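Observations on the model geometry
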Amino acid sequence: NSRYQHPDIQMLLNKASYLDPRFKSLTHLSSFQQSEVSDAILQELIELENDSDYGNESDAEREPNNESNDESNDECSTAEPRKKKAKNALLDMLGDSFIVQAAATCTSTHDDMIHAEVLRYKSETTIPLDQYPLEWWCAHSCVFPNISKLARKYLCIVATSVPSEQVFSTAGNIVSVKRASLLPENVNKLVFLHDNLPKVKFDYKRIH
């Protein structure tokens, strides 16, 4: 189908297939394409985790406290100037480079953890086709905490337009020529009842 030929749409569908434990082996793709999807998932996981780390930072930490600044300014104006800290030769020589290296090591370690999680997920055996993937993720979200976030993002996408088209068909059957004066809120109620009463096995005989 031509609607699925766009590269972005194909990548989205491949990511969703990768995050579905029934099809995560991506046997319908070549080895190169499988690597592309895996790398895209890994990159998105790293970006998602970096964004969440920034989002967890409180506003109080990001924004200066004007009241405390005013108080500190008042104290500085009345108090004697503090003595300067003694210079540390080791800090002068290695301070900046050590801080940069430590930050890089922390980031590298975090990325390695995500990469290891992806490798563990790839090594998991695929589940049977009749097993519900969201139930699998519910049971394994603690084992794959980062990948489970992407699974919730992609597996919630409705893969077909049939349910929405069925609703329109139901509404068309309800609002006929002889029932064209129905109020919109009554139409909504009738459509809701038509779709949901069979799911609860409603006994229509109780109405009579």
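Residues numbered from 1 in each chain as written. Predicted model: local features only at pLDDT ≥ 70, side-chain atom pairs only at ≥ 80, totals over all residues. Heavy atoms only, no water.

Structural notes on the nonpolar core
Among soluble globular proteins, nonpolar side chains are generally buried collectively. With 21 residues, the main nonpolar core has Tyr18, Leu19, Ile41, Leu45, Tyr121, Trp137 and Ile147 as its most contacted residues. Among the elements of the structure, α1 (7–19), α2 (31–56), α5 (89–123), α6 (133–140) and α7 (145–154) are those that each provide at least two residues to this core. For this core, the element with the most residues is α2, which contributes five residues. (Core = buried A, V, L, I, M, F, W, Y, C linked by side-chain atoms within 4.5 Å. Buried < 20%, exposed > 50% of the residue type's maximum accessible area, 1.4 Å probe, protein only. Helix = DSSP H or I, 4+ residues; strand = E, 2+ residues; numbered from the N terminus.)

Remarks on the packing of α1 against α7
Contact pair α1 / α7: the axes reach a minimum separation of 9 Å and the direction vectors enclose 125°. With respect to their mutual orientation, α1 and α7 come out oblique. For α1 against α7, the interelement crossing comes out left-handed. Mapping the contact onto sequence places Leu12, Lys15, Ala16 and Leu19 in α1 and Ile147, Leu150, Ala151 and Tyr154 in α7. Looking at the contact of α1 with α7, its residues break down into seven nonpolar, no polar and one charged. (Axes fitted to C-alpha atoms, helices over the stretch in contact; angles between N-to-C directions. Parallel < 35°, antiparallel > 145°, perpendicular 65-115°, else oblique. Left-handed = near helix turned anticlockwise from the far one by under 90°. Contact = heavy atoms within 4.5 Å. Nonpolar A, V, L, I, M, F, W, Y, C, P; charged D, E, K, R; others polar.)

Things to note about the side chain of Ser38
Relative to the helices and strands, Ser38 is located in helix α2. Judged by relative accessible area, which is 8%, Ser38 ranks as buried. Residues in contact with Ser38, not counting those within four places in the same chain, are Tyr18, Val118 and Lys122.

Structural notes on the side chain of Lys15
With respect to the secondary-structure elements, Lys15 resides in helix α1. When near neighbours in sequence (up to four residues on either side) are disregarded, Lys15 contacts Val37, Ala40, Ile41, Glu44 and Tyr154.

Some words on the packing of aromatic side chains
Pairs of aromatic rings are described using the distance from one ring centre to the other and the angle between the two planes. The tally for this structure, following the rule as stated, stands at seven aromatic pairs. Both rings, one in Tyr18 and one in Tyr121, keep their centres 5.6 Å apart while their planes meet at 65°; by these two values the pair is edge-to-face. In this pair, Tyr18 is assigned in helix α1 and Tyr121 in helix α5, connecting sequence segments 103 residues apart. Here Tyr18 falls in the buried class, since its relative accessible area comes to 3%. Residue Tyr121 is classed as buried on the basis of its relative accessible area, which comes to 0%. Clustering of aromatic rings is evident, with ring pairs tying together Tyr18, Tyr121, Trp136, Trp137 and Phe144. Sitting above the plane of the Tyr121 ring, Lys24 keeps its charged end 5.3 Å from the centroid. (Phe/Tyr/Trp six-rings, centres within 6.5 Å; stacked < 30°, edge-to-face > 60°. Lys NZ or Arg CZ within 6 Å of the ring centre and 35° of its normal.)

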